[in-house]
Amino acid sequence: MPSLPPLREVIKKHGLTANKALGQNFLLDTQLLSRIAAVPGDLRDSKVFEVGPGPGGLTQALLQAGAHVTAVERDERCLPALKDLSDHFPNKLHVINEDALKIDLTELFDTPFHIVSNLPYNVGSALLIKWLSNPQWPPAWQSLTLMFQREVADRIVAKEGDGTYGRLSILAQWRCHAKLAMSVHRSAFTPPPKVMSAIVHLTPKAQPEGVEPEILAKLTQTAFSQRRKMLRQSLKGLPGGLDALSDTGIDGARRPETVSVEEFVALARFLSK
């Protein structure tokens, strides 16, 4: 089988340009793409879900790593390039022309899978929260390897006391291990975005007992809606909020960014009773 053309030639052949409205930035560095595909570990014969493959750079790296890829691409302009890739890797790539936010992963996969994606900037956080909010835990996905703007990546892995620590940090870390896998310079993209990027890797861990996910989500939303306020001020409008502070012994004069993930879990456990 002939080798695949360079990604720049693929983009030129199909007349592709990054669509800002769709949050697109094309990543063309094949060595970097291979490094990203290696973050989850050995993908030979594994199932992978990818969002926003664009011209297929990361998709190609995943396929070359031996994965079976299901890719969701909203931009119809990219479908011919992905069709070429599918023809090169018979029965290994399935492309769905749909909005990823509308996808029910339980309908796509009946066995464990990985999610690996250079996420479109405009929906990245929303997709992450959707995947982290799965009522069934552990989830069907085995790991998340996701590209974000660096500032979003920093929020996901931040610890209490850090200026970037907030609701996204807690939702990611209360039942996942989260780490920064690598930084990605803006110059690696075409066109270069205005911001730096980073790869975040998350793997599920045991969910703390006695905690309802929707309760924790509501608690963190309330606590960080006015992050400069003391906890007793922000939680007084949440039914049981002040009682939770008293029961857990957490000082209501503290601000939410000083409260650890474990302490928020303790508050949510009281409110879940």
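Quick note: structure is the one above.
J.: For the overall build of the protein, give the residues involved together with the corresponding values.
T.: Each helix and strand counted, the protein has 12 helices and 9 strands in total. In terms of C-alpha radius of gyration, the protein reaches 20 Å, essentially the compact-globule figure of 19 Å for 273 residues. Looking at the 273 residues of the protein, the share that counts as buried comes to 49%. A total of about 13100 Å² of accessible surface is found on the protein, and carbon and sulfur atoms cover 50% of it. Put simply, the protein has 32 plus and 28 minus side-chain charges, and the middle of one group is 6 Å from the middle of the other.

J.: Describe the environment of Thr-106, with residues and values.
T.: Residue placement: Thr-106 occurs in helix α5 (residues 105-108). Expressed as a C-alpha distance, the spacing of Thr-106 and Leu-58, which sit 48 residues apart in the sequence, is 23 Å. In this structure the side chain of Thr-106 is engaged in a polar contact, spanning 2.6 Å, whose partner is the side chain of Asp-104.

J.: Help me get a handle on the packing of helix α9 (residues 213-224) against helix α12 (residues 261-271), residues and values and all.
T.: Angle between the axes and distance between the axes: these two values describe a pair of packed helices. Two elements in contact, α9 and α12, have axes separated by 9 Å at closest approach and are oriented at 120°. On the basis of their axis angle, the class for α9 and α12 is oblique. When you trace α9 past α12, the crossing you get is right-handed. Every residue of α12 that contacts α9 at Ile-215, Leu-216, Leu-219, Thr-220, Ala-223 and Phe-224 is listed here: Phe-264, Val-265, Leu-267, Ala-268 and Leu-271. The class makeup of the residues in the contact of α9 with α12 is 10 nonpolar, 1 polar and no charged.

J.: For the sheet that holds strand β6 (residues 141-149), give the residues involved together with the corresponding values.
T.: Spatially, β4-β3-β2-β5-β6-β9-β7 is the arrangement adopted by the 7 strands of the open sheet, whose pairing is mixed. Because the sheet does not close on itself, it has two edges, and the strands there are β4 (93-96) and β7 (176-184). Neighbouring strand axes in the sheet, compared pairwise and without regard to direction, differ in orientation by 20° on average. In terms of strand pairing, strand β2 (residues 47-51) meets strand β3 (residues 68-72) through 5 bridges, oriented parallel. Counted as the bridge partner of Phe-49 is Thr-70 from β3.

J.: How would you sum up unusual backbone geometry? Please name residues and give values.
T.: Residue Pro-138 is bonded to the preceding Trp-137 through a cis peptide linkage, with omega at 5°. Locating Pro-138 in the fold gives a position in the loop between α6 (124-132) and β6. At Asp-45, a position not held by glycine, the phi torsion is positive, near 65°. With respect to the helices and strands, Asp-45 occurs in the loop between α2 (30-38) and β2. Using a relative accessible area of 63% as the deciding quantity, one classes Asp-45 as exposed. Positive phi, normally seen in glycine, also occurs at Asn-91, with a value near 65°. Structurally, Asn-91 can be placed in the loop between α4 (79-88) and β4.

J.: Please provide a residue-by-residue account of empty space enclosed by the protein, values included.
T.: Under the defined criterion, the tally for this structure stands at 1 cavity of 30 Å³ or more. In this structure, the largest cavity occupies an estimated 400 Å³ of space. Gln-24, Val-51, Gly-52, Glu-73 and Pro-120 are the residues nearest the centre of the largest cavity, which is lined by 29 residues in total. Listed by contribution, the elements that provide at least two residues to the lining of the largest cavity are β1 (26-27), β2 and α3 (57-64). Residue composition of the lining of the largest cavity, by class: 16 nonpolar, 8 polar and 5 charged.

J.: Can you break down the packing of α2 against α3 residue by residue, with the values?
T.: Their axes nearest at 9 Å, the elements α2 and α3 cross at an angle of 60°. Considering the angle they form, α2 stands oblique to α3. Note that α2 runs across α3; the crossing there is right-handed. Taking contact as the criterion, the partners of Leu-33, Ser-34, Ile-36 and Ala-37 in α2 are, on α3, Gly-57, Leu-58, Ala-61 and Leu-62. Each residue belonging to the contact of α2 with α3 can be placed in one class, and the counts come to 6 nonpolar, 2 polar and no charged.

Rules of the game
- Residues numbered from 1 in each chain as written.
- Predicted model: local features only at pLDDT ≥ 70, side-chain atom pairs only at ≥ 80, totals over all residues.
- Heavy atoms only, no water.
- Helix = DSSP H or I, 4+ residues; strand = E, 2+ residues; numbered from the N terminus.
- Rg over C-alpha atoms; globule rule 2.2 N^0.38 Å.
- Buried < 20%, exposed > 50% of the residue type's maximum accessible area, 1.4 Å probe, protein only.
- Areas by Shrake-Rupley, 256 points an atom, 1.4 Å probe, with all protein chains shown as cover.
- Lys, Arg positive; Asp, Glu negative; His and termini not counted.
- Charge placed at Lys NZ, Arg CZ, Asp CG, Glu CD.
- Polar contact = N/O pair within 3.5 Å; in protein donor to acceptor, adjacent residues only side chain to side chain.
- Axes fitted to C-alpha atoms, helices over the stretch in contact; angles between N-to-C directions.
- Parallel < 35°, antiparallel > 145°, perpendicular 65-115°, else oblique.
- Left-handed = near helix turned anticlockwise from the far one by under 90°.
- Contact = heavy atoms within 4.5 Å.
- Nonpolar A, V, L, I, M, F, W, Y, C, P; charged D, E, K, R; others polar.
- Pairing = 2+ DSSP bridges.
- 1 Å grid on protein atoms, 1.4 Å probe; cavity = no way out; pocket = protein on both sides within 12 Å on 5 of 7 lines; lining within 4 Å.
- Points joined across faces, edges and corners; volume = space filled by probe spheres on them.

Read these as geometric descriptors, not functional statements.
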